[in-house]
Amino acid sequence: MTHRTRPWLALLLVAGVGACATGPDVDGVWHAAAPAKGPNNSLLFSLSEPQTPLGVELVLGAYGPDVAGLVRYYRSGQFDQSRLPVLARKECECGFLHQAKVDASGRVTFELESCVPGTSWDAPLALHGALNLLEDGRLVGTLSVDDPSQPTLATATVQLTFLRVATTGMSDPAILDCQHPATLADGNTTSGL
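Residues numbered from 1 in each chain as written. Predicted model: local features only at pLDDT ≥ 70, side-chain atom pairs only at ≥ 80, totals over all residues. Heavy atoms only, no water.

A. Inspection of the pattern of salt bridges at higher detail. Summed over all chains, the structure comprises 6 salt bridges. With a shortest N-O distance of 3.2 Å, Glu57 and Arg72 are connected by a salt bridge. Here Glu57 is found in strand β2 (residues 54-63), whereas its partner Arg72 is found in strand β3 (residues 66-74), with 15 residues between them in sequence. Note on accessibility: Glu57 and Arg72 belong to one class, buried. (Salt bridge = Lys/Arg side-chain N within 4 Å of Asp/Glu carboxyl O. Helix = DSSP H or I, 4+ residues; strand = E, 2+ residues; numbered from the N terminus. Buried < 20%, exposed > 50% of the residue type's maximum accessible area, 1.4 Å probe, protein only.)

B. Highlighting the environment of Val140. Tracing the sequence through the fold places Val140 in strand β7 (residues 139-145). Linking Val140 and Phe162, residues 22 residues apart in sequence, is a C-alpha distance of 6.1 Å.

C. Quick peek at the state of the cysteines. The full count for this structure, using the stated rule, is 2 disulfides. A sulfur-sulfur distance of 2.2 Å marks the disulfide that ties Cys92 to Cys115. As the torsion about the S-S bond is roughly 85°, the Cys92-Cys115 disulfide counts as right-handed. Note that Cys92 is positioned in the loop between β3 and β4 (94-102) and Cys115 in strand β5 (residues 107-116), a separation of 23 residues in sequence. The burial state of Cys92 is the same as that of Cys115; both residues are buried. The disulfide partner of Cys94 is Cys178, and the gap between their sulfur atoms is 2.1 Å. In this structure the cystine formed by Cys94 and Cys178 twists about its S-S bond by roughly 120°; its chirality is therefore right-handed. Remark: Cys178 occurs in the segment after β8 (157-166) and Cys94 occurs in strand β4; sequence separation between them is 84 residues. Owing to a relative accessible area of 0%, Cys94 belongs among the buried residues under this scheme. Of note for the chain: the bonded cysteines, numbered N- to C-terminal, pair according to 1-3, 2-4. (Disulfide = S-S within 2.5 Å.)

D. Local environment of the nonpolar core. Counting 34 residues, the largest nonpolar core has Leu43, Leu44, Leu58, Leu160 and Phe162 as the members making the most contacts within it. Within the residue set of this core, elements represented by two or more residues are β1 (28-34), β2, β3, β4, β5, β6 (120-133), β7 and β8. Val29, Val59, Cys94 and Cys178 belong to the second largest nonpolar core, which has 6 residues in total. (Core = buried A, V, L, I, M, F, W, Y, C linked by side-chain atoms within 4.5 Å.)

E. Representation of the side chain of Glu57. Judged by relative accessible area, which is 3%, Glu57 ranks as buried. Here the side chain of Glu57 touches His31 through a polar contact of 2.7 Å, side chain to side chain. When near neighbours in sequence (up to four residues on either side) are disregarded, Glu57 contacts Val29, Trp30, His31, Leu70, Val71, Arg72, Tyr74, Phe79 and Ile175. (Polar contact = N/O pair within 3.5 Å; in protein donor to acceptor, adjacent residues only side chain to side chain. Contact = heavy atoms within 4.5 Å.)

F. Main features of the side chain of Glu91. Checked against the element boundaries, Glu91 lands in the loop between β3 and β4. Among the residues examined, Glu91 registers a relative accessible area of 11% and is labelled buried. If sequence neighbours within four positions are ignored, Glu91 has contacts with Arg75, Ser82, Arg83, Leu84, Pro85, Asn188 and Ser191.

G. Region of interest: the confidence of the model for the chain. Overall, the predicted model of the chain reaches an average pLDDT of 83, with 85% of residues at or above 70. Under a pLDDT of 50 for its full length, residues 1-21 has, in the predicted model, 5 contacts with residues more than four places off or in other chains. (pLDDT = per-residue confidence, 0-100.)

H. Region of interest: the packing of aromatic side chains. Considering all chains together, one arrives at 1 aromatic pair under this definition. Measuring from centroid to centroid gives 5.3 Å for Tyr74 and Phe79, while their planes differ by 65°, and the two rings are edge-to-face. Residues Tyr74 and Phe79 agree in their burial class; the two are buried. (Phe/Tyr/Trp six-rings, centres within 6.5 Å; stacked < 30°, edge-to-face > 60°.)

Here it is in structure tokens:
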């Protein structure tokens, strides 16, 4: 390799890395408090305290139009009490996003098939998420049931407003840890799907 080709190779590498960040910036850790169970929330709530807002955390990493990440649930909108899928709690802690995308307008869509605190805490339920990145930096949209095998939950939905609390680069990699107990004897096997 000659000295003349090295700068071009470096320029191509920099251009290739920058190509992943051409869309709207949705990377990061986002927090939303689900409203208490009622007409505005028939999907995400605590079975033991349905009037307490549930904390919903969304961790996103965008790679061009593709997005990777997970949804994690907390016992309250204060995000100070983690839900534990292991014995003896057997709670629904989290689930990984599937088929997640972000378009040029900042619309994030994804599928989720995991447990859901409130409506399906111990069995997988298919959900669809659709969120829009607003000019003020909030990520706003709905999480709704998309599972033909659950006709009684067909209208279960919740509108969420997420605020970014950290960038993924500033976060501990453990934020992507989503426990999945191997057997029912170990805990909630539908958490971490």
